[in-house]
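Now for the letters of each chain:
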Amino acid sequence: GRGAAGGPPYSLVGGSDGLEGGSPMVGAALHEAFPRAEAAWKRHKERLPGKTCRELWALQKQATTGDCTEEKPSGMFNGSAKEQWRLWAALQGLPEQEAKAMFLERLRRDGVDF
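These numbers were taken from a predicted model, which means no experiment stands behind them. (Residues numbered from 1 in each chain as written. Predicted model: local features only at pLDDT ≥ 70, side-chain atom pairs only at ≥ 80, totals over all residues. Heavy atoms only, no water.)

Participant: It is not clear to me how the overall build of the protein chain should be interpreted in this structure. Could you clarify?
Facilitator: Counting its secondary structure elements, the protein chain contains five helices and zero strands. Ordered by position from N to C terminus, the α and β elements of the protein chain give α-α-α-α-α. Partitioning the contacts of the protein chain with sequence separation of at least 6, the portion at a separation of at least 24 is 75%. When the accessible surface of the protein chain is split by element, carbon and sulfur atoms take 52% of a total near 6900 Å². (Helix = DSSP H or I, 4+ residues; strand = E, 2+ residues; numbered from the N terminus. Contact = heavy atoms within 4.5 Å. Areas by Shrake-Rupley, 256 points an atom, 1.4 Å probe, with all protein chains shown as cover.)

What follows is the structure in C-alpha cells.
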C-alpha cells in the first residue's frame, strides 16, 4: 500500500522531520517566531495560492484555538469555508506547538520571510 492513505492530512503538510528530538524551533523560539510568522502570512496572503492559504489558516486555527469545535459550514457557494473547516477538523489532536512549527515550515516552503 501507499502508507497512510486516509490518515490525517497533517502528515502531508509538514511531516515530522525535525519536530522531534533536537529541533531548535521549540519553546521560547517558537513562541517568539509564531506571531511574526502570522503577521507575515497576513501581509502576503494575496500572493499565496488559495490551497496554501487554506492550509495555513487551518494550522493557524489549530495553533491558536486548538481542535475544531465549530459546525461545518453549509451552503452551496461556501466551498472555500468548507475546505478550511475540513482541513482544520482533520488536524484534530495535533498539539498547538506542533501546529505552530508546521505553520512556520509551510510559510518557509512558500518563500515567506518572517
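Having seen the model, we can carry on.
Participant: Please explain the side chain of K61 as it appears in this structure.
Facilitator: Within the secondary structure, K61 is located in helix α3 (residues 50-64). Summary of buried charges: K61 has no salt-bridge partner, and the nearest side chain of opposite charge, E70, is 4.1 Å away. If near-sequence neighbours (up to four positions away) are discounted, K61 is found in contact with G66, E70 and W88. (Buried < 20%, exposed > 50% of the residue type's maximum accessible area, 1.4 Å probe, protein only. Lys, Arg positive; Asp, Glu negative; His and termini not counted. Salt bridge = Lys/Arg side-chain N within 4 Å of Asp/Glu carboxyl O.)

Participant: Would you mind going over the confidence of the model for the protein chain with me for this structure?
Facilitator: With 77% of its residues at a pLDDT of at least 70, the protein chain reaches an overall mean of 83. Below a pLDDT of 50 lies the segment residues 1-23, which in the model reaches 18 contacts outside its immediate sequence neighbourhood of four places, other chains included. (pLDDT = per-residue confidence, 0-100.)

Participant: What is the right way to look at the nonpolar core in this model?
Facilitator: Across soluble globular proteins, you tend to see nonpolar side chains buried next to one another. W41, F103, L104 and L107 are the most contacted members of the largest nonpolar core, which has 24 residues in total. Broken down by secondary-structure element, the contributors of at least two residues to this core are α2 (27-44), α3, α4 (79-89) and α5 (96-109). (Core = buried A, V, L, I, M, F, W, Y, C linked by side-chain atoms within 4.5 Å.)

Participant: Would you mind showing me how to read the packing of aromatic side chains here?
Facilitator: Two numbers describe a pair of aromatic rings. These are the distance of the centres and the angle of the planes. A full pass over the atoms with the stated rule returns three aromatic pairs. Judged by centre distance (5.8 Å) and plane angle (90°), the ring pair of W57 and W88 falls under edge-to-face. Linking W57 in helix α3 with W88 in helix α4, this pair joins segments that are 31 residues apart in sequence. For W88, a relative accessible area of 1% gives the class buried. One aromatic cluster is present, formed by F34, W41 and F103 through successive ring pairs. If you follow K45 out to its NZ or CZ, it ends over the ring of W41, 4.6 Å from the centre. (Phe/Tyr/Trp six-rings, centres within 6.5 Å; stacked < 30°, edge-to-face > 60°. Lys NZ or Arg CZ within 6 Å of the ring centre and 35° of its normal.)

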